[in-house]
Amino acid sequence: KSVNAVIDWDGKEPFPVLITLDGQDLRTEDKGADVTFDSQGRSVVWVDEPRMYNLVQLSKFDGHELRLSANSDTFTIYAFTFGAYEKGP
């Protein structure tokens, strides 16, 4: 239901990471807290510090293909976390 990624940043320029789920941009209701949409409607995370970024927050558990892409030569992912739990009250 949820996907997070720990992404590094070299301290220079922030860079965008494009995110697709099953070959499509994320829908508003499926995006994680750190995802925004650019002027072309693409789902993007702007990496501006080294930390864990919340990428996907789905309403139900299911199998999907997640792709992340960036043109930065410093784009580094250290870890992914996946959650299949229900949120509490």
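Just so we're clear, the structure is a prediction, and the values are computed from it rather than from any experiment.

Reading the values: rules and limits
- Residues numbered from 1 in each chain as written.
- Predicted model: local features only at pLDDT ≥ 70, side-chain atom pairs only at ≥ 80, totals over all residues.
- Heavy atoms only, no water.
- Helix = DSSP H or I, 4+ residues; strand = E, 2+ residues; numbered from the N terminus.
- Rg over C-alpha atoms; globule rule 2.2 N^0.38 Å.
- Buried < 20%, exposed > 50% of the residue type's maximum accessible area, 1.4 Å probe, protein only.
- Contact = heavy atoms within 4.5 Å.
- Areas by Shrake-Rupley, 256 points an atom, 1.4 Å probe, with all protein chains shown as cover.
- Core = buried A, V, L, I, M, F, W, Y, C linked by side-chain atoms within 4.5 Å.
- Salt bridge = Lys/Arg side-chain N within 4 Å of Asp/Glu carboxyl O.

Novice: So what's going on with the overall build of the chain? Residues and values would help.
Specialist: Counting its regular elements, the chain contains zero helices and eight strands. Tracing the chain from N to C terminus, the helices and strands come up as β-β-β-β-β-β-β-β. Here the chain has a C-alpha radius of gyration of 13 Å; the compact-globule value for 89 residues is 12 Å, and the two agree. In terms of principal-axis extent, the alpha carbons of the chain reach across some 40 × 25 × 25 Å. A buried classification covers 30% of the 89 residues belonging to the chain. Looking at the chain alone, contacts between residues at least 24 apart form 72% of all its contacts between residues at least 6 apart. For the chain, the accessible surface area stands at approximately 5,800 Å², while carbon and sulfur atoms represent 51% of it.

Novice: Run through the nonpolar core, naming residues and quoting values.
Specialist: Formed by 17 residues in total, the largest nonpolar core has its most connected members in I19, V45, V47 and L55. When contributions to this core are tallied by element, the ones reaching two or more residues are β1 (2-7), β2 (15-21), β5 (43-47) and β6 (51-57). Considering every element that reaches this core, the biggest residue donor is β2, with four residues.

Novice: Account for the environment of F15, with residues named and values stated.
Specialist: Among the structural elements, F15 can be located in strand β2. You can call F15 buried: its relative accessible area is 6%. Once residues within four sequence positions are removed from consideration, F15 is found in contact with I7, D8, W9, V45, W46, V47, A70, S72, T74 and F75.

Novice: Can you tell me about unusual backbone geometry, naming the residues and giving the values?
Specialist: Residues other than glycine seldom take positive phi values, yet D22 does so here, at roughly 55°. Here D22 lies in the loop between β2 and β3 (24-25).

Novice: Pulling in residues and values, what's your account of the pattern of salt bridges?
Specialist: Summed over all chains, the structure comprises six salt bridges. R42 serves as the salt-bridge partner of D38, at 2.6 Å between the closest nitrogen and oxygen. What you see here is one network of salt bridges that share partners, running through R27, E29 and D30.

By themselves, these are just geometric observations and shouldn't be taken as functional.
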